[in-house]
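# A look at the structure
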Amino acid sequence: MAHQDAIAYQSHDHHHCIEGAMKAARQLCRQRGVQLTGQREAVLRLVWQSHRPVGAYDLLGQLPDNRNGRKPAPTTVYRALDFLREHGLVHRLDSLNAYIGCPHPGQQHDGVFLICRHCRHVQELPGERVRQTLKPLLTAQGFSPDALLMEIPGVCPRCQQDGEGA
Ligand SMILES: [Zn+2]
Ligand SMILES: [Zn+2]
Ligand SMILES: [Zn+2]
């Protein structure tokens, strides 16, 4: 495993992950001529608070009250999440019904996610290499995939070290 792939499993200054993600999002929205509104940005920041997936209702509970002192409506969160998904800034994990920030938005990629069943850490694999590996197998079957979407449950290296594995 290349160094950069494994880095999320090491302890790191997560602040850099968050700020990097926000910067990438602003850049991508500018390039595409779409608006990263305050609400969308707030939701993205909350999704990125850790490398663990988060559900829409958890997000809703953490959003600040809006201007008239009320909790934002669930539709506000869902609309923001739809926008973020549409632009590849977050991914939805169907097996967990939760969302995770994408570490390399804007690139054409598939979604292969390693989900730790102990600490819920989610690591997204670089899609290009997964595609190179899997494509010949699928071609051999004469199968044409729409996308390579995989959610793989297991135990992350950190939890294995802590003796939580197997
Ligand atoms: Zn991080
Ligand atoms: Zn991604
Ligand atoms: Zn783990």
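Rules used in this analysis
Residues numbered from 1 in each chain as written. Chains lettered and ligands numbered in written order. Predicted model: local features only at pLDDT ≥ 70, side-chain atom pairs only at ≥ 80, totals over all residues. Pairing = 2+ DSSP bridges. Helix = DSSP H or I, 4+ residues; strand = E, 2+ residues; numbered from the N terminus. Domains from an automatic or database assignment. Contact = placed C-beta atoms within 7 Å. Nonpolar A, V, L, I, M, F, W, Y, C, P; charged D, E, K, R; others polar. Core = buried A, V, L, I, M, F, W, Y, C linked by C-beta atoms within 7 Å. Buried ≥ 20, exposed ≤ 12 C-beta atoms within 10 Å, placed from the backbone.

### A word on the pairing of strand S3 (residues 111-116)
- Looking at chain direction, S3 and strand S5 (residues 149-154) are connected through 6 bridges and run parallel. Bridged to Gly111 within S5 is Leu149.
- Of the strand pairs in this sheet, S3 and strand S4 (residues 122-124) are connected by 3 bridges, and their pairing is antiparallel. Within S4, the position partnered with Ile115 by the bridge is Val122.

### Re the domain arrangement of the protein
- When its domains are assigned, the protein resolves into domain 1 (11-103) and domain 2 (108-166).
- Domain 1 and domain 2 are separated by 22 Å when their C-alpha centres are compared.
- At the junction of the two partners, domain 1 supplies 10 residues and domain 2 supplies 7 residues.
- Across the side of domain 1 that touches domain 2, the residue classes break down as 5 nonpolar, 3 polar and 2 charged.

### Digging into the nonpolar core
- Counting residues in each nonpolar core, the largest one holds 25 residues, and the members touching the most others are Val43, Leu44, Val47, Leu81, Leu84, Val90 and Tyr99.
- Residue assignment for this core shows that the elements contributing at least two residues are helix H2 (14-32), helix H3 (38-47), helix H5 (74-86), strand S2 (98-101) and S3.
- Here this core takes 5 residues from H5, the largest share from any one element.
- Aside from chain neighbours lying at most four places away, what touches Leu84 is Arg40, Val43, Leu44, Leu89 and Val90.

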